[in-house]
Amino acid sequence: MLKVTKFILSLAAFALGVCALFNGTSVTASAAENLSVKLDRAYLEYAVVSELPVELSARVLDQKGNYIYGKELSFSVEEGGVAEIREGKFLYVLKEGSFTVKAALAEDKTVFDSCECTAVKLTFTNVRILSRIENVTVYTQPILLTGSVVVDGMDFPEDVHYELAYEVVSGPAYISVGQYLYLTGEGTVVLKAYSRYDKSSSATLEIPVTDPDKALDFDGAEELKQGRLESSDGGFPTLLVVGCSVGGLLCIAAAVCVVVIKSKSKKH
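Residues numbered from 1 in each chain as written. Predicted model: local features only at pLDDT ≥ 70, side-chain atom pairs only at ≥ 80, totals over all residues. Heavy atoms only, no water.

Let us now look at the overall build of the protein chain. A tally of helices and strands in the protein chain yields 3 helices and 17 strands. Within the protein chain, contacts between residues separated by at least 24 positions form 53% of all contacts whose residues are at least 6 apart in sequence. Surface summary for the protein chain: the accessible area is close to 18,100 Å², and the carbon and sulfur share equals 56%. (Helix = DSSP H or I, 4+ residues; strand = E, 2+ residues; numbered from the N terminus. Contact = heavy atoms within 4.5 Å. Areas by Shrake-Rupley, 256 points an atom, 1.4 Å probe, with all protein chains shown as cover.)

Let us look at the confidence of the model for the protein chain. Taken as a whole, the protein chain shows an average pLDDT of 79; of its residues, 68% reach a score of 70 or greater. Predicted confidence is poor over residues 12-30, with pLDDT under 50, and the contacts of this stretch with residues over four places away or in other chains come to 0 contacts. When the criterion is pLDDT under 50, residues 231-246 qualifies, and its contacts beyond four places in sequence or with other chains add up to 9 contacts. (pLDDT = per-residue confidence, 0-100.)

One can find Glu206 in strand 17 (residues 198-209). Looking at Glu206, the relative accessible area reads 58%, which means it is exposed. Through-space distance from the C-alpha of Glu206 to that of Val190 is 4.6 Å; in sequence the pair is 16 residues apart. Not counting chain neighbours up to four residues away, the residues in contact with Glu206 comprise Thr188, Val189 and Val190. (Buried < 20%, exposed > 50% of the residue type's maximum accessible area, 1.4 Å probe, protein only.)

Attention shifts here to the sheet that holds strand 15 (residues 180-183). One open sheet accounts for 3 strands, arranged 11-15-14; its pairing is antiparallel. Sheet topology places strand 11 (143-144) and strand 14 (173-176) at the edges, where each strand pairs with a single neighbour. (Pairing = 2+ DSSP bridges.)

In this section: a nonpolar patch on the surface. Among the surface-exposed residues, Leu144, Val177 and Tyr180 lie close enough to one another that they form a single nonpolar patch of about 290 Å² accessible area. When its relative accessible area of 41% is taken as the criterion, Leu144 is described as partly exposed. (Patch = residues over 30% accessible without salt bridge, like charges linked within 9 Å, V, L, I, M, F, W, Y side chains within 5 Å. Salt bridge = Lys/Arg side-chain N within 4 Å of Asp/Glu carboxyl O.)

What follows is about the side chain of Asp211. Turning to its location among the elements, Asp211 is positioned in the loop between strand 17 and helix 2 (221-225). For Asp211, which is buried and forms no salt bridge, the nearest opposite charge comes from Lys214, at a distance of 4.6 Å. There is a polar contact of 3.0 Å between the side chain of Asp211 and the backbone nitrogen of Asp213. Residues in contact with Asp211, not counting those within four places in the same chain, are Val138 and Glu186. (Lys, Arg positive; Asp, Glu negative; His and termini not counted. Polar contact = N/O pair within 3.5 Å; in protein donor to acceptor, adjacent residues only side chain to side chain.)

A separate point is empty space enclosed by the protein. Applying the stated criterion to the full structure yields 1 cavity of 30 Å³ or more. By volume, the largest cavity amounts to about 40 Å³. Along the lines of polarity and charge, the residues of the lining of the largest cavity split into 5 nonpolar, 1 polar and 3 charged. (1 Å grid on protein atoms, 1.4 Å probe; cavity = no way out; pocket = protein on both sides within 12 Å on 5 of 7 lines; lining within 4 Å. Points joined across faces, edges and corners; volume = space filled by probe spheres on them. Nonpolar A, V, L, I, M, F, W, Y, C, P; charged D, E, K, R; others polar.)

What follows is about unusual backbone geometry. For the bond from Gln141 to Pro142, the omega torsion is -5 degrees, close enough to zero to count as cis. By secondary structure assignment, the location of Pro142 is in the loop between strand 10 (123-129) and strand 11. In the Ramachandran plot, Asn126 falls in the positive-phi region, its phi being about 55 degrees despite a non-glycine side chain. Within the fold, Asn126 resides in strand 10. Overall, the relative accessible area of 52% leaves Asn126 in the exposed class. Phi angles above zero are rare outside glycine, and Val177 is one such case at about 55 degrees. Relative to the assigned elements, Val177 resides in the loop between strand 14 and strand 15.

Right, dumping it as structure tokens:
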């Protein structure tokens, strides 16, 4: 009887293991059903007709709202003719009208998010760089860049319509994270700011950058630092003479103080 009972328990355990194995395979096969896609709508709801593209982005989330990385996404446009996607993720808005952008899991197109978009035509003028940039040295960094632009064509433009892009035209500097200027040496940096929808609407600014460590960078500076600089007539340079004179006076003053203190000590 005991052997029969053990056999039945072993058989039950085997059956449970097989079920678990098949269930695990089922979960793997339907993993996409537990995921969702969240499309970034910031530049889409009122998309601007422009020669400059909007880089599309979306996130994959699990049931708890956690980000899932490494999932490939596919972007597409419905009601084509108004806009199109190039190079997989760059949206070009060609003319005014309505269209829909869709982001889907590449492995399962039934998991997707979409946004109904309105293409608008705006004008951008009077770009200005507002950052207070003065007395700049190689140590003045990073510099946060800010600016403004006048937007016409909508009664109430979105915040994204006022965004500017920045670039270094020339000089020892570069832009990081879109709006931070980093300097790489001394010289003159030419900075350009423009509407992210219209590169022709722009402003430029020249920024002189100095290196305070090179303040004594002239002929003979190193010799002067080491006390080896001679004057043109063979004598001592004025700076060294003044330095010696000041040093001598300080020594004399110190000696007088010592004599006075000793005299007072003897009287007591």
